[in-house]
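# Tertiary structure, described
For reference, the chains in residue letters:
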Amino acid sequence: MAAMATMVAAGCGGVWCRARQRCARWPGPGSRPFLRAQRAVVCNARGGAVSAGKSGLAPWIPVVGLEIHAQISSNSKLFSGSRVQFAAPPNSLVSFFDASLPGTLPVLNRRCVEAAVMTALALNCRINKKSLFDRKHYFYADLPAGYQITQQRVPIAVNGSLSYSLCIDNKMSQMVTKTVRIKQIQLEQDSGKSLHDDTRSQTFVDLNRAGVGLMELVMEPDMCCGEEAAAAVRELQLILQTLGSSQAVMAEGQLRVDANVSVHHPGEPYGVRTEVKNINSIRFLAKAVDYEIQRQIQELGNGGTILNETRAFDSKLGCTVPMRDKEGKQDYRFMPEPNLPPLILYDAKSLPANMNHQQVINIDWIHERLPDLPSVKREKLVEQYGILPEHSFTLLVWQQDQNCNSSQASEDGLAEFFESVVKQTQMKPKKVIGWILNDLLSYLKQHSLTVKESPVSSFLLADLLNLLEKKEISSTAAKRVLAELWKGEGKTPLETVKEHKLELLQDQKELEQICQAVIDGQENEVMAIKAGNRKVLNKLIGLVQKKTQGRSNPVLMNFSVPLCSIVLVGYTSSILKSQPSLDASAKGR
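None of these values were measured; they are calculated from a predicted model. (Residues numbered from 1 in each chain as written. Predicted model: local features only at pLDDT ≥ 70, side-chain atom pairs only at ≥ 80, totals over all residues. Heavy atoms only, no water.)

### Structural notes on the overall build of the protein chain
From N to C terminus, the protein chain includes 20 helices and 17 strands. Counting all 589 residues of the protein chain, 48% fall into the buried class. The long-range fraction of contacts in the protein chain, counting pairs at least 24 apart against all pairs at least 6 apart in sequence, stands at 69%. By element, 52% of the accessible surface of the protein chain is carried by carbon and sulfur atoms, the whole surface being about 29600 Å². (Helix = DSSP H or I, 4+ residues; strand = E, 2+ residues; numbered from the N terminus. Buried < 20%, exposed > 50% of the residue type's maximum accessible area, 1.4 Å probe, protein only. Contact = heavy atoms within 4.5 Å. Areas by Shrake-Rupley, 256 points an atom, 1.4 Å probe, with all protein chains shown as cover.)

Given below as structure tokens:
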């Protein structure tokens with residue numbers, strides 16, 4: 001099977017070399033023209049028009065639409081029983097149907113249909129109770145049958161919408177909500193994977209991915225820049241992971257984006273669009289769209305024309321390169337799939353009374369079991385715990401970013417970790433969120449760990465915050481304890497505090513002696529405070545904290561005799577300085 005399914009093709013390397021040469025003639029990401037252009041393609045909540053510069057012409061309006069292929073989270077493929085597994089040995093998961101041997105027939109995977117219905121409901125789509133399968137014909141080495149089974153004419157769902165949030169001027173505290181229309185969601189099978197070896201001018205084909213179930217989500221051209229496209233895909237990705245309909249790990253090709261980009265002047269029809277294919281990173285998506293917008297504006301500004309073509313994004317060069325002319329629908333020769341009957345779905349009203357529920361898919365049954373979507377989760381976090389909206393976004397988006405780069409989607413993300421800590425600590429949620437986002441998150445990023453892999457559990461962090469809330473340790477000491485807990489030595493926060501002697505100093509006399517020693521060594525600062533400059537007092541307090549290694553009790557320290565005496569002298573001095581002005585004003589009256 002492996003020998004049959006693997007083929008070698010020559011001459012592929014030259015195409016990419018020529019494409020890179022053409023790309024090199026365009027201004028690169030580091031060049032001054034490109035940097036000026038990038039500043040022009042700035043997306044904000046006020047509109048998507050791009051200035052034409054000093055030419056005095058009408059501004060350009062970019063138009064961006066997306067086609068997203070999400071791999072369905074299923075144990076087997078869409079029409080065969082072959083397993084779905086990432087990074088399996090080449091051509092080890094290929095059935096007779098996947099290899100398109102004569103006489104093999106497709107058998108629809110129920111799980112894939114349910115995942116598509118679930119996703120469509122979450123995106124406010126209208127479910128077609130009767131949908132059809134079609135054959136999309138094209139020849140490529142990784143498509144053994146010469147056609148792909150898809151749903152072109154009557155897809156499983158249409159007319160949905162996706163709401164996403166966008167930062168204004170990259171400020172998390174200033175966010176605006178936008179909506180992009182979903183034209184349709186359709187089921188289709190994936191193709192195999194071509195592995196290009198440019199050095200030997202060869203291409204190898206791995207059919208493990210051939211026949212894997214996909215959902216293609218077609219978004220209307222309602223976006224105007226890379227930032228909006230990236231925000232929309234990020235929200236969709238989080239929805240898919242929440243539903244469990246797709247793991248959506250872009251690094252593993254489970255979520256691939258095709259961006260359709262065009263530009264036009266206000267009041268004119270849409271311009272000729274180009275399609276940037278197979279973008280596998282949200283960051284690259286934003287860069288590819290913004291580059292393509294500026295490339296088209298520059299091309300049109302120089303008197304050129306835009307070709308209706310397919311392009312690819314070269315992440316190393318930071319630009320798009322041409323691949324081939326854009327095919328029209330007539331080139332694909334769509335025809336009904338003769339081996340698959342119409343897909344019939346039911347709801348509570350249309351479900352026949354004598355029908356076996358295990359043999360049908362009930363739309364209402366799936367709808368009742370939908371989990372809370374990310375937008376609902378964020379609202380609940382804000383309402384229940386009083387945290388800022390931007391903090392709720394960070395809790396969920398960070399979980400998503402981890403899942404994007406991990407082969408295992410974590411069920412217990414940062415939001416669940418936060419809620420678990422809040423339940424186990426006496427500290428207020430507004431303070432807990434600071435420790436989660438500033439301290440714990442910093443460690444996780446530094447060591448490239450997911451929440452599940454963190455050596456500091458929610459129980460340990462809650463125990464540490466309880467010590468801090470009870471004023472048994474200072475915040476400085478708490479940070480040191482957290483650093484010790486991160487080593488994963490199995491000690492509790494209290495044991496770590498006692499081992500390193502980090503308890504707050506409760507002895508007033510000992511603290512006063514330390515304060516006096518600090519004061520004796522800082523004559524200039526003491527004179528400044530006595531002269532009325534109370535800001536310098538913070539330096540003395542910091543030196544006391546350093547002397548005690550963060551163990552000094554701020555309350556006791558502020559009321560210590562040495563510090564109080566200095567502050568009192570400074571306060572008296574400031575009063576005496578202001579006294580003449582008071583007398584003068586009195587005489588004036």
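Additional details are given in the paragraphs that follow.
### Describing the nonpolar core
L66, I156 and I185 are the most contacted members of the largest nonpolar core, which totals 71 residues. With 41 residues, the next largest nonpolar core counts F418, Y443, L461 and L464 among its residues. (Core = buried A, V, L, I, M, F, W, Y, C linked by side-chain atoms within 4.5 Å.)

### What to know about the side chain of E484
Here E484 lies in helix α14 (residues 475-485). For E484, a relative accessible area of 18% translates into the label buried. Setting aside residues up to four positions removed in sequence, E484 forms contacts with T496 and H500.

### What to know about the packing of aromatic side chains
The relation between two aromatic rings is expressed through the spacing of the ring centres and the mutual angle of the planes. Scanning the entire structure with this criterion turns up seven aromatic pairs. Centre to centre, the rings of Y385 and F418 are 5.3 Å apart; their planes meet at 80°, and the pair counts as edge-to-face. Taken together, the positions of Y385 in helix α9 (residues 374-385) and F418 in helix α11 (residues 414-424) put the pair 33 residues apart, joining distant regions of the chain. Residues Y385 and F418 agree in their burial class; the two are buried. (Phe/Tyr/Trp six-rings, centres within 6.5 Å; stacked < 30°, edge-to-face > 60°.)

### Some thoughts on the pattern of salt bridges
The final tally for this structure, using the stated rule, is 21 salt bridges. The salt bridge involving K77 is made with D98; its shortest N-O contact spans 3.1 Å. In this pair, K77 sits in the loop between β2 (61-71) and α4 (110-122) while D98 sits in the loop between β2 and α4, placing the two residues 21 residues apart along the sequence. With a relative accessible area of 7%, D98 lands in the buried category. For R181, the salt bridge identified is with D222, shortest N-O distance 2.8 Å. In this pair, R181 is assigned in strand β8 (residues 171-189) and D222 in the loop between β11 (213-219) and α5 (226-243), connecting sequence segments 41 residues apart. Overall, the relative accessible area of 45% leaves R181 in the partly exposed class. (Salt bridge = Lys/Arg side-chain N within 4 Å of Asp/Glu carboxyl O.)

### Describing a positive patch on the surface
Taken together, the side chains of K428, K430, K431 and K471 present a region of like positive charge at the surface. Mapping K431 onto the fold places it in helix α12 (residues 429-447). (Patch = residues over 30% accessible without salt bridge, like charges linked within 9 Å, V, L, I, M, F, W, Y side chains within 5 Å. Lys, Arg positive; Asp, Glu negative; His and termini not counted. Charge placed at Lys NZ, Arg CZ, Asp CG, Glu CD.)

### Structural notes on α4
The end-to-end C-alpha distance of α4, which contains 13 residues, comes to 19 Å, matching closely the 18 Å that a straight helix rising 1.5 Å per residue would cover. For α4, the buried fraction is high: 11 of the 13 residues fall into the buried class. Within α4, the full set of buried residues consists of C112, V113, E114, A115, A116, V117, M118, T119, A120, L121 and A122. Here α4 starts with a cap whose side-chain oxygen sits 2.9 Å from the backbone nitrogen of R111, and that cap is N109. The positive-phi residue at the C-terminal boundary of α4 is N124, with phi of around 60°. (Expected span 1.5 Å × (residues − 1). Polar contact = N/O pair within 3.5 Å; in protein donor to acceptor, adjacent residues only side chain to side chain.)

### Some words on the confidence of the model for the protein chain
Per-chain confidence: the protein chain averages 83 in pLDDT, with 78% of residues scoring 70 or above. Every residue in residues 1-22 scores below 50 in pLDDT, and together they form 35 contacts with partners more than four places removed in sequence or on other chains. Note that pLDDT drops below 50 for residues 32-42; the model gives that stretch 15 contacts with residues more than four away or on any other chain. (pLDDT = per-residue confidence, 0-100.)

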